[in-house]
Amino acid sequence: MFAGLKRLFEKKSSIKERLPFYDIVCPYCFSKFHHEEVVFRAAHDRDDDEALALQEDEKLNHYRAGFGLAPIDELEAVIDPARISNEHKIYSNHVLTGVIDPYSVVTKIRLCPHCHNDLPITAGKYPSNIVSIVGATSVGKTVYMTTLIHTLQHKTAPNFNAACIPLNTEISRRYRSNYEIPLLEKGSLLPSTEKATRQEPFIFQFIFKDEDQAPLTLVFFDVAGEGMTDKDYLSLHAAHIKNSAGILFLVDPMQIRTIREKLLYQMGEHSEEIAAASLGDEPREVIISLFGDFIAHLDDNKTDIPTAVVLTKSDLLAVLKNDGDYIRENSNVFRNFTHRGYLHLDEFENINGEIQRFLARVDTPFVNALDVYFKHTSYFAVSALGRHPVNQQVSGIVSPVRVDEPFIWLLYQLGYIEGRHGE
């Protein structure tokens, strides 16, 4: 009994101590800055004062143009707090949250100094934790993002006494109409993200009902897979990745050459659909791109960002069950599991060990590259749909398998929740 208790507490994740304030990472352009560097949107306009008249916001429109969004003609002026005296600055818990303009009007609308998008109310008061989803083309990032957000809202959040809420109504509408309804209600597979089309990030907050617990800001940036090995394209998103608190690195079984032919043969009539997925870059090529873009510039050529290596489309592995060299018939990969209140370490360690061994066997260079460039990695297997789609349609009810487990592990790594062994 004593040994069991000792084992439990040794594995317990320590909840991180709150600091007076934190650097802010903009969830739109991913720039990192001190809370005193924010700017403010004026709360009113004045025709008799050029500085506070309605005007074009060039920085905001430049950001919008990058995502193919129409410019906004006129907005209230931007106020630089550097031009405001200290007695006219408003602080909350040591964080600059408002200013009083020359006409004694208060504004608390904080903007990113680089792109002039609105910042979350919690920015600076809590860590700006960003979760990135990366992977090569056809790995299923869009589908995984859709089912993950749905699972976080309907299942994970209640199990951790929290809520998963979109940052604003526009994001909520965009997610529901473009992703959730087509996939989860109509069963239509989502089209791949086009490289030429830059998608604005989906920003959600995972907010705990315990007011003493910091919220977690989730930024899902749906980057086109082929962009992950395009140097110019990747550089546009380097700040997003390097300023992330956690990475979900998605790997498609069909990217792995050693088992591709076996999967194609076993799938038979659907082999053409799966063959299309094999056209993407191999996992280690994405690693090389990440390394060249930002990891090589780190002091020890290694990133300490916790990285969940997620084997997607795990339902495809069912055809390998008869070959004990690859996957066991009673593998945890095919069994769903719900984590409630904490990360169940026995379940996590089982799936982590099994998938690491599997990937080391079928793609040794990839696992070696991860070991060289990443300090903190764990391995997972998920099925966003629960079955393989046919003719771009999912028959029956979409039944995701273990999709939230990598995210829950990141919560554990970031000190939001604790981990326990079986009791």
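*Asks:* I tried to follow the overall build of the protein chain on my own but got confused; where do I start?
*Replies:* For the protein chain, the helix and strand inventory stands at twelve helices and 17 strands. Burial statistics for the protein chain: of 423 residues in total, 53% are counted as buried. Across the protein chain, the fraction of contacts at a sequence separation of at least 24, relative to all contacts at a separation of at least 6, is 73%. A total of about 19,600 Å² of accessible surface is found on the protein chain, and carbon and sulfur atoms cover 48% of it.

*Asks:* Looking at this model, I keep getting lost on the packing of helix α3 (residues 141-159) against helix α4 (residues 169-185). Mind explaining?
*Replies:* Two measures define how a pair of helices packs: the angle their axes make with one another and the distance between the axes. For the pair α3 and α4, interaxial distance at closest approach is 10 Å and the crossing angle is 95 degrees. By the angle between their directions, the pair α3 and α4 is classed as roughly perpendicular. Seen from α3, the contacting residues are Thr 142, Val 143, Met 145, Thr 146, Thr 147, Ile 149, His 150, Gln 153 and His 154; seen from α4, they are Tyr 175, Tyr 179, Glu 180, Leu 183 and Leu 184.

*Asks:* Could you clarify how one ought to interpret the side chain of Asn 117 in this entry?
*Replies:* As for its placement among the helices and strands, Asn 117 is situated in the loop between β8 (110-111) and β9 (131-134). If we skip the residues at most four places from it in the chain, Asn 117 touches Tyr 28, Leu 60, Tyr 63, Arg 110, Leu 111 and Cys 112.

*Asks:* Can you help me understand unusual backbone geometry in this one?
*Replies:* Most peptide bonds take the trans configuration, and most residues that are not glycine carry a negative phi. In this structure, Asn 93 takes a positive phi of about 50 degrees despite not being glycine. Relative to the assigned elements, Asn 93 resides in the loop between β5 (89-92) and β6 (95-100). Given a relative accessible area of 53%, Asn 93 falls into the exposed group. Here Ser 104, not a glycine, exhibits a phi torsion of approximately 65 degrees, which is positive.

*Asks:* Can you walk me through the pattern of salt bridges in this structure?
*Replies:* Note on pairing: side chains with opposite charge can pair once their charged atoms come close. Enumeration over the complete set of coordinates arrives at ten salt bridges. We note a salt bridge from Glu 180 to Arg 176, for which the minimum N-O separation is 2.9 Å. One end of the pair, Glu 180, and the other, Arg 176, are both in helix α4, four residues apart, so they sit about a helical turn from each other. Across the pair Arg 402 and Glu 347 runs a salt bridge, and its minimum N-O distance is 3.0 Å. Taken together, the residues span a long stretch of sequence, with Arg 402 in the loop between β16 (377-381) and α12 (405-413) and Glu 347 in helix α10 (residues 345-362) at a distance of 55 residues. For Glu 347, a relative accessible area of 10% translates into the label buried. Residues participating in the shared-partner salt-bridge network are Arg 335, Glu 347, Arg 402 and Glu 405.

*Asks:* Explanation requested: the sheet that holds β9 in the structure shown.
*Replies:* Judged by pairing direction, the sheet is parallel, and its four strands sit side by side in the order β9-β13-β14-β16 without closing on themselves. For this open sheet the edge positions go to β9 and β16, each flanked by a neighbour on one side alone. Each strand axis lies, on average, 20 degrees off the axis of its neighbour in the sheet, ignoring direction. Strands β13 (246-251), β14 (307-311) and β16 of the sheet are contacted by helix α11 (residues 364-373), whose axis makes an angle of about 140 degrees with β16.

*Asks:* Whenever I open this one, the sheet that holds strand β4 (residues 78-79) confuses me. Can you help?
*Replies:* Within a beta sheet, neighbouring strands are joined by backbone hydrogen bonds and run either parallel or antiparallel to one another. One open sheet accounts for three strands, arranged β4-β3-β8; its pairing is antiparallel. In the strand order of this sheet, the two ends are held by β4 and β8, each with one partner. Where strand β3 (residues 39-41) and β4 come together, two bridges link them in antiparallel fashion. Note on β4: the bridge partner recorded for Phe 40 is Ile 79.

*Asks:* I keep staring at the environment of Ser 399 and nothing clicks. Help me out?
*Replies:* Checked against the element boundaries, Ser 399 lands in the loop between β16 and α12. By relative accessible area, Ser 399 is classed as partly exposed at 35%. Contact partners of Ser 399, with chain neighbours within four places excluded, come to Ser 383, Leu 385 and Gly 386.

*Asks:* Quick question: what am I supposed to make of the state of the cysteines here?
*Replies:* By definition, a disulfide links two cysteine residues through a covalent bond between their sulfur atoms. Under the counting rule described, the total for this entry stands at zero disulfides. The structure places no disulfide on Cys 29, whose sulfur is separated from the nearest cysteine sulfur, that of Cys 112, by 3.7 Å. On the basis of relative accessibility, which here comes to 22%, the residue Cys 29 falls in the partly exposed class. Cys 115 carries a free sulfur, and the closest cysteine sulfur to it, the one in Cys 26, is 3.7 Å from it.

*Asks:* I'm lost on helix α2 (residues 58-66) in this one. Help?
*Replies:* Side chains of residues three or four places apart in an α-helix project in the same direction, reflecting 3.6 residues per turn. Among all positions in α2, only Leu 60, Asn 61 and Tyr 63 are buried. End-on, the buried residues of α2 take up no more than an arc of 155 degrees, which puts them together on one face. Facing away from the buried surface of α2 by more than 90 degrees, the exposed residues are Glu 58, His 62 and Ala 65. Its buried side turned inward, α2 meets β3. Where α2 begins, the capping side chain belongs to Asp 57, and its oxygen is found 3.3 Å from the backbone nitrogen of Lys 59.

*Asks:* Please explain the nonpolar core as it appears in this structure.
*Replies:* Soluble globular proteins tend to pack their nonpolar side chains together in the buried interior. Membership of the largest hydrophobic core comes to 104 residues, with the highest contact counts inside it found for Phe 206, Leu 218, Phe 220, Leu 248, Phe 358 and Leu 359. It is α10 that provides the largest number of residues to this core, a total of seven residues. With six residues, the next largest nonpolar core counts Ala 384, Leu 385, Val 394 and Val 398 among its residues.

Calculation rules
Residues numbered from 1 in each chain as written. Predicted model: local features only at pLDDT ≥ 70, side-chain atom pairs only at ≥ 80, totals over all residues. Heavy atoms only, no water. Helix = DSSP H or I, 4+ residues; strand = E, 2+ residues; numbered from the N terminus. Buried < 20%, exposed > 50% of the residue type's maximum accessible area, 1.4 Å probe, protein only. Contact = heavy atoms within 4.5 Å. Areas by Shrake-Rupley, 256 points an atom, 1.4 Å probe, with all protein chains shown as cover. Axes fitted to C-alpha atoms, helices over the stretch in contact; angles between N-to-C directions. Parallel < 35°, antiparallel > 145°, perpendicular 65-115°, else oblique. Salt bridge = Lys/Arg side-chain N within 4 Å of Asp/Glu carboxyl O. Pairing = 2+ DSSP bridges. Disulfide = S-S within 2.5 Å. Arc of directions from axis to C-beta. Polar contact = N/O pair within 3.5 Å; in protein donor to acceptor, adjacent residues only side chain to side chain. Core = buried A, V, L, I, M, F, W, Y, C linked by side-chain atoms within 4.5 Å.

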